[in-house]
Amino acid sequence: MAPPPLSPLDDDLFPSTPGKFKPDRTGVIPMNRRHLARCFFSTSNAFIWALFLLALTASYLSLHSFLSPNNGYYPSRFSFSSIKFEKHVRSSAITSRSGGLSVLVTGAAGFVGSHVSLALKKRGDGVVGLDNFNSYYDRSLKKSRRDMLSGSGIFVVEGDVNDAKLLAKLFDIVAFTHVMHLAAQAGVRYAIENPQSYVHSNIAGLVTLLEACRAANPQPAIVWASSSSVYGLNDKVPFSESDRTDRPASLYAATKKAGEEITHTYNHIYGLSITGLRFFTVYGPWGRPDMAYFSFTRNILQGKPITVYRGKDRADLARDFTYIDDIVKGCVRAVDTAGRSTGSGGRKRGDAMYRIYNLGNTQPVTVPALVGILERYLKVKAKKNVVEMPGNGDVPFTHANISLARSELGYRPSTDLQTGLRKFVKWYLGYYGYKPIANL
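Residues numbered from 1 in each chain as written. Predicted model: local features only at pLDDT ≥ 70, side-chain atom pairs only at ≥ 80, totals over all residues. Heavy atoms only, no water.

**Some remarks on the overall build of the chain**
Consideration 1: Secondary structure summary: the chain contains 14 helices and 15 strands in total.
Consideration 2: Carbon and sulfur atoms form 53% of the exposed surface of the chain, whose accessible area is close to 18400 Å². (Helix = DSSP H or I, 4+ residues; strand = E, 2+ residues; numbered from the N terminus. Areas by Shrake-Rupley, 256 points an atom, 1.4 Å probe, with all protein chains shown as cover.)

**Digging into unusual backbone geometry**
Consideration 1: Omega for the peptide link from Asn217 to Pro218 comes to 5°, which places this bond in the cis form.
Consideration 2: Assignment of secondary structure puts Pro218 in the loop between α8 (195-215) and β5 (221-225).
Consideration 3: Of note, the amide linkage connecting Val237 to Pro238 takes the cis form, showing an omega dihedral of -10°.
Consideration 4: Residue position: Pro238 is located in the loop between β5 and α9 (251-270).
Consideration 5: For Thr362, which is not a glycine, the phi torsion comes out positive at approximately 65°.
Consideration 6: Even without being a glycine, Lys379 presents a positive backbone phi close to 60°.
Consideration 7: Checked against the element boundaries, Lys379 lands in the loop between α12 (367-378) and β15 (383-388).

**A closer look at the packing of aromatic side chains**
Consideration 1: One pass over the full model with this rule turns up 31 aromatic pairs.
Consideration 2: Centre to centre, the rings of Tyr283 and Tyr293 are 5.9 Å apart; their planes meet at 75°, and the pair counts as edge-to-face. Taken together, the residues span a long stretch of sequence, with Tyr283 in strand β7 (residues 282-283) and Tyr293 in helix α10 (residues 292-301) at a distance of 10 residues. Neither Tyr283 nor Tyr293 differs from the other in exposure class; each is buried.
Consideration 3: Arranged with centres 5.5 Å apart and planes meeting at 55°, the rings of Phe294 and Phe424 form a pair that is tilted. Taken together, the residues span a long stretch of sequence, with Phe294 in helix α10 and Phe424 in helix α14 (residues 417-431) at a distance of 130 residues.
Consideration 4: Site record: aromatic cluster; members linked through ring pairs are Tyr283, Trp286, Tyr293, Phe294, Phe321, Tyr323, Phe424, Trp427, Tyr428, Tyr431, Tyr432 and Tyr434.
Consideration 5: One residue, Arg214, lies across the ring of Tyr270, its end atom 5.0 Å from the ring centre. (Phe/Tyr/Trp six-rings, centres within 6.5 Å; stacked < 30°, edge-to-face > 60°. Buried < 20%, exposed > 50% of the residue type's maximum accessible area, 1.4 Å probe, protein only. Lys NZ or Arg CZ within 6 Å of the ring centre and 35° of its normal.)

**Section: α12**
Consideration 1: For α12, which comprises 12 residues, the first-to-last C-alpha distance of 16 Å matches the rise-based estimate of 16 Å (1.5 Å per residue) to within 8%.
Consideration 2: When α12 is considered as a whole, its buried residues turn out to be Val367, Leu370, Val371, Ile373, Leu374, Glu375, Tyr377 and Leu378.
Consideration 3: Buried residues along α12 sit against α10, β8 (305-310), β14 (365-366), β15 and α14.
Consideration 4: Just past α12, the residue Lys379 takes up positive phi, approximately 60°. (Expected span 1.5 Å × (residues − 1). Contact = heavy atoms within 4.5 Å.)

**With respect to the pattern of salt bridges**
Consideration 1: Going through the model one piece at a time under the given rule, you end up with 17 salt bridges.
Consideration 2: For the salt bridge of Arg123 with Asp336, the shortest nitrogen-to-oxygen distance reads 2.6 Å. A residue pair is termed long-range when its members are at least 10 positions apart, and Arg123 in the loop between α4 (111-122) and β2 (126-131) and Asp336 in helix α11 (residues 324-336) qualify at 213 residues. Asp336 shares its class with Arg123; the two are buried.
Consideration 3: For the salt bridge of Lys348 with Asp351, the shortest nitrogen-to-oxygen distance reads 3.4 Å.
Consideration 4: For Lys348, a relative accessible area of 28% gives the class partly exposed.
Consideration 5: Residues joined by salt bridges that share partners form a network here, namely Arg97, Arg123, Asp125 and Asp336. (Salt bridge = Lys/Arg side-chain N within 4 Å of Asp/Glu carboxyl O.)

**Structural notes on the sheet that holds strand β13 (residues 354-359)**
Consideration 1: Sheet architecture is open: 7 strands sit in the order β3-β2-β1-β4-β5-β6-β13, paired in parallel fashion. Edge positions in the sheet fall to β3 (155-158) and β13, since each has one partner strand and no second. Neighbour-to-neighbour, the strand axes of this sheet turn through a mean angle of 20°, independent of strand direction. (Pairing = 2+ DSSP bridges. Axes fitted to C-alpha atoms, helices over the stretch in contact; angles between N-to-C directions.)

**What to know about the environment of Ala225**
Consideration 1: Structurally, the position occupied by Ala225 is in strand β5.
Consideration 2: Taking the C-alpha atoms as reference, Ala225 lies 8.7 Å from Thr275; in sequence the two are 50 residues apart.
Consideration 3: In contact with Ala225, not counting residues within four places along its chain, are His181, Leu182, Lys256, Leu277 and Phe279.

**Here's the deal with α10**
Consideration 1: The buried count for α10 comes to 7 of 10 residues, which makes it a mostly enclosed element.
Consideration 2: Considering only its buried residues, α10 is in contact with α4, β7, β8, α12 and α14.
Consideration 3: Gly303 sits one or two positions beyond α10 and adopts a positive phi of about 75°.

Laid out in structure tokens, this is it:
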């Protein structure tokens, strides 16, 4: 089936710098049962047992992480029960177009979340954000994104997806048609330092959100961010949704794979419409400082050395770098084509859509090539330390097969790495107060 036309979306909606209210829900397409079977056929018994053991520890680890003074979560002083709070939430959820959607975006002050929120709002959808503003990376950057969203009429609630009472309050104020779940503990290497944060956010937080969604009336359709990391030690390229994903190489990947299994369970038992998106190395303006392209830029400008990893036999690492505007278009198309959830009163009334898609660029580029592009745009030669990749969960390459997303979502990435990095560098220089570079 051909995907619905892109209207009312257009490229202008994806800037690089960027009583209950019950709107109508439209844009339903049939569920792809064959695709569903392919996604889960390869899951091994070993992984299921691992998931079971992980789930048993989720409550303890989640509580430990939440109470730890080092987890960087600071509850808002704003009263969630106040009339002023309800007015802010309700106003932010109002649509400005016929047939507009009302979307709760978790992780709204994050990289992808802020861009998706802006795109939805600019086309006339109602958007309410939720973010805990943790200290995994510079909180001032998250606050700047929040200010940008506020300027577009988007209210971002400072709270955690593990706060069941807060979620229930939000669903009581607004009958959300969709949830775009982008809140997560990101990063592969950080899991070695703080593994509890991944269980707290990516497993316990996901379950808390799904519980709120299945209890909501009406139930929203859910689109959420999985990750290309679920392909783990898979060496078949390009990575396809039907490939095995039962050999994660990192705790981050394991929690994302667990998320896919958990969401499938809630789809099966409660009739929640769920779409999982496996992002491939997203980059661009307003990005995450822990990402290589971001930290390389910072260190090159400051005259500091950068560490470039190599794989076995001195092979260069490669990534399927995907520009943020392309990812946002895929996210919005997933929202627009999501079928309705079928549950009511916490009970399933019929089969609901379950889908998983790769969102990548399909053009892997080596890390040394990325460094070369940055050197050209910054007009500074990088001081490189080339070392062998440590065993910290990273994989040597990623490469997305996007044929399924292309055929069912109309997803067509159009930004190559040189173009995307030029836009990023231009944003970076402006945001951090560097002198503009000529001809950039």
